[in-house]
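Each chain, written out:
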Amino acid sequence: SSFKNEYYDYIVVGGGPAGIITAERFVEAGKKVLLLERGVGPTVATGANETLPWNKDLTAIDLPGLSADVGSLDVWNDYMCTDTEGMAACVLGGGVTVNYMVFVYPPAHDFDDNNNWPEGWKWKDLKPAAERLYQRNPGTTLPSADGKHYDQGLYSVLSKFFNSVGWKSVDMISQPDEKHQVYSYPSWNIKDQKRAGPVRTYLPLAEKHSNFDLSLSSKVLRVVRSGSKVTGVEIETASKKTKIISLAHNGRVVLAAGALSTPRLLFNSGIGPKKQIETAKKSGINVPAEKEWLDLPVGLGFRDHPIFTLNVQTNGSFGIPDYDAILNGTDRKDISLYGKDSGLLTQGKHRMIFFSSNEVNGQTRYYQGSCAPDADSVLEIKAYLTHGATSSGVLVLTSEQKTVIEKSPYMQTAGDRKAAAAFIQSLIKDISDPGSGLELTTKPNITAILSTISSGNHYTTTAKMGTDDGRKGGSSVVDTNTKVYGMDNLFVVDGSIHPDLPTGNIQTTIMVIAEAAAERILAQH
Ligand SMILES: Cc1cc2nc3c(=O)[nH]c(=O)nc-3n(C[C@H](O)[C@H](O)[C@H](O)COP(=O)(O)OP(=O)(O)OC[C@H]3O[C@@H](n4cnc5c(N)ncnc54)[C@H](O)[C@@H]3O)c2cc1C
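Residues numbered from 1 in each chain as written. Predicted model: local features only at pLDDT ≥ 70, side-chain atom pairs only at ≥ 80, totals over all residues. Heavy atoms only, no water.

Trainee: Explain the pairing of strand β1 (residues 8-13) here, please?
Mentor: Residues in a regular strand point their side chains to alternate faces of the sheet. Of all six residues making up β1, six are buried, and the element is well covered by its neighbours. Of the strand pairs in this sheet, β1 and strand β12 (residues 242-255) are connected by five bridges, and their pairing is parallel. Bridge pairing links Y8 to L247 in β12. Looking at chain direction, β1 and strand β2 (residues 33-36) are connected through four bridges and run parallel. (Buried < 20%, exposed > 50% of the residue type's maximum accessible area, 1.4 Å probe, protein only. Helix = DSSP H or I, 4+ residues; strand = E, 2+ residues; numbered from the N terminus. Pairing = 2+ DSSP bridges.)

Dropping the structure here:
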């Protein structure tokens, strides 16, 4: 693309969910907007041409029934970032393009307890933003047009089990505040039988306007500063050429590169702990002169949901779909049902989501369980320790420009360890009851389960929002208008700014916060 220098009121960096949503809202407000995304487009409408052999309008990424197997798709390696710690996607749509589509409406308590979200960001303040999101991108627990849930062997076994131990069935969309001893059909980010998300539900609205430009394969290296003012961004194009795009007078840069990549952009721009800025400089980035460095706690306070995995043998009748047959078109039965907007292929990976909580020393911690078939009659529970967890870690930069974990964000506090052990133990006890019809596939060993943690991939808090200015010894990098402390016109809107973890999978909360952030930013422009 040819960039129009000194034209854009807003340069948004990163075309993940947060970036697309904010960019679209700026466009609607009549601002001239450039959205810069380092990756390519994953849908036919955004330039992908690797479509399914049996449907030339759909890529494998679009088809909900293949999302469980997304890691085996040819495009997986093309889409995943190679310079972040943990998993992130470097493709238009960000994580939402490759994720398992679990779409958890956040409960009010996520914002209202623990005092982590500042005034102005409580649920009463955010509810209108959530409603704007749900109107465009509602999610569904029943994606099949014929009104049926498919492949219900797992759900049938597990719902019986949970009923027998006193849990109850809820609809996680219409009852988002029910998060204790409840289970639900999964809510998925699916619309019109396809993977939804801002690439489908927001981007086309922006593209209707002449004041919107999207540039793919455009990796931003840093923001260009003159003291506290951002004047533009330096980008690297697909052919490895660098160039500077300048903002309009009074323009703004909004970072939405994700919680693992926004810190790199800040370090590269002279914002963060001194050591990280020095590392950025060593890596060859043209960082500002030292007198312009802003000492803010970027990368500190890094958080994520730890996952504990349980595999359970059941007496149910279910298994893993034949993904090859779906991909190559030989699974005629499911493909023909999909042709009628129905059936297994309209659904995502999981068959049930459950939630619960426990209290240890006065602190309530929440848990989400995502349940999917693992083998014939064997199910896998991915149990996440979520909202209320008190651990945090540190994310830093290497001189190869990779973000890496210096201190793990998982299970750092005695409270987290005690609470997670108690929750898993009680689940194991119920599963191991001879009458349950269930049995762990390996000998129940709580220490082994707790020490084999996998990442939730729900990263937050690397550029925290709050009222305690990080330059003055506080923990916050952005203020309650999402503006970076010490800067006049630099904002952050992605998962980095969340000061707390949500109770469930995070993408819905990411989108709600982006909706709210766009409104705050526009209110002063
Ligand atoms: C494998 C996986 C499975 C997941 N499963 C679920 C799930 O089922 N449900 C759920 O709710 N959440 C899930 N998540 C998490 C969810 O997808 C992310 O939390 C969410 O996408 C974060 O949104 P974001 O806008 O903050 O950042 P991202 O989604 O990371 O988007 C950042 C965007 O910025 C771009 N970018 C980065 N650096 C630059 C740069 N320098 N210049 C230009 N562009 C840049 C990236 O390419 C990307 O498009 C999953 C994540 C992963 C990785």
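Trainee: Even after reading the chapter, I still don't get the site of the ligand, so can you show me in this structure?
Mentor: Around the ligand sit 36 residues in total, of which E37, G95, V102, V220 and Q507 are the nearest. Between the ligand and Y100 there is a distance of 3.3 Å, counted from an oxygen atom to a backbone nitrogen or oxygen. G495 has a polar backbone atom sitting 3.2 Å from an oxygen atom of the ligand. Taking 1000 Å² as the accessible area of the ligand by itself, protein coverage stands at 95%. Counting only elements with at least two residues in the shell around the ligand, the list comes to α1 (17-28), α3 (95-98), β10 (219-226) and α15 (507-523). Across the shell around the ligand, the residue classes break down as 18 nonpolar, 14 polar and four charged. (Near = heavy atom within 4 Å. Polar contact = N/O pair within 3.5 Å; in protein donor to acceptor, adjacent residues only side chain to side chain. Areas by Shrake-Rupley, 256 points an atom, 1.4 Å probe, with all protein chains shown as cover. Nonpolar A, V, L, I, M, F, W, Y, C, P; charged D, E, K, R; others polar.)

Trainee: Help me out: how do you make sense of the side chain of S261 in this one?
Mentor: Summarising the element assignment, S261 is placed in the loop between β12 and α9 (262-268). A relative accessible area of 8% means that S261 is categorised as buried. In terms of polar contacts, S261 uses its side chain to reach the side chain of R264, at 2.9 Å.

Nothing here speaks to function; it is all geometry.
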